[in-house]
Amino acid sequence: MDIPLLCGSDKMFVLITYDINTTTKEGRKRLRMVAKICQDYGQRVQNSVFECKVNEGQFRIIKHKLDSVINHEKDSLRFYRLGKNYKKTVEQIGYNDVYNIEEPLIL
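In this text, all values refer to a predicted model and were calculated from it rather than measured experimentally.

Counting buried residues in strand β1 (residues 12–19) gives six out of eight residues, a clear majority hidden from the surface. One ladder, built from six bridges, connects β1 with strand β3 (residues 49–54); its direction is antiparallel. Residue pairing for β3: I16 is matched across the bridge by F50. For β1 and strand β4 (residues 76–83), the ladder comprises seven bridges, and the chain directions are antiparallel. Across the sheet, residue D19 finds its bridge partner in β4, namely S76.

Dropping the structure here:
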């Protein structure tokens with residue numbers, strides 16, 4: 001299935017959370033695949049939580065990729081669109097070992 005790329009530069013902040021059933025070998029493999037896909041677009045902020053700053057086209061691609069990996073009867077995904085003004089809606093208390101998603105990442 002081809003997904004049209006929307007190349008707009010307007011980035012939005014999306015929180016992706018997942019719960020993957022890992023009682024089987026296949027489940028553990030799905031968990032690794034889901035984490036890898038999310039990591040390609042954002043940063044892990046908790047075990048099954050990723051923050052992503054993406055445009056609409058990238059968001060559609062992520063959803064499609066994740067949808068094709070999970071077992072719909074055993075796993076779940078949740079997407080929270082926090083939009084462009086997310087700084088007003090996100091608060092952090094306690095240890096914070098994540099990079100600023102707004103700034104360039106130099107490796």
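Once the structure has been displayed, the description carries forward.
The subject of this paragraph is the nonpolar core. If you look at the biggest cluster of nonpolar residues, it comprises 18 residues, and the most contacted ones within it are I16, Y18, V34, C38 and L66. Broken down by secondary-structure element, the contributors of at least two residues to this core are β1, α1 (25–41), β3 and α2 (56–69).

A word on the packing of aromatic side chains. On inspection of all chains with the given rule, the structure shows two aromatic pairs. Judged by centre distance (6.3 Å) and plane angle (25°), the rings of Y18 and F50 are stacked. Pair noted here: Y18 is in strand β1 and F50 is in strand β3, with a separation of 32 residues, a long-range link. Taken individually, Y18 and F50 each receive the classification buried, so the pair is uniform in this respect.

All told, the structure shown has four salt bridges when counted by the stated rule. Of the charged contacts, one joins R30 and D75 as a salt bridge, the two residues approaching to 2.6 Å between their closest N and O atoms. One end of the pair, R30, is in helix α1; the other, D75, is in the loop between α2 and β4, and 45 residues separate them in sequence. Across the pair, exposure class does not vary: R30 and D75 are buried alike. Linking K36 and D40 is a salt bridge whose minimum nitrogen-to-oxygen distance equals 2.6 Å. Remark: D40 and K36 occur in helix α1; sequence separation between them is four residues, near one turn of the helix. By sharing partners, the salt bridges in this structure join E56, R60 and R81 into a single network.

The rules behind these values
- Residues numbered from 1 in each chain as written.
- Predicted model: local features only at pLDDT ≥ 70, side-chain atom pairs only at ≥ 80, totals over all residues.
- Heavy atoms only, no water.
- Buried < 20%, exposed > 50% of the residue type's maximum accessible area, 1.4 Å probe, protein only.
- Helix = DSSP H or I, 4+ residues; strand = E, 2+ residues; numbered from the N terminus.
- Pairing = 2+ DSSP bridges.
- Core = buried A, V, L, I, M, F, W, Y, C linked by side-chain atoms within 4.5 Å.
- Phe/Tyr/Trp six-rings, centres within 6.5 Å; stacked < 30°, edge-to-face > 60°.
- Salt bridge = Lys/Arg side-chain N within 4 Å of Asp/Glu carboxyl O.

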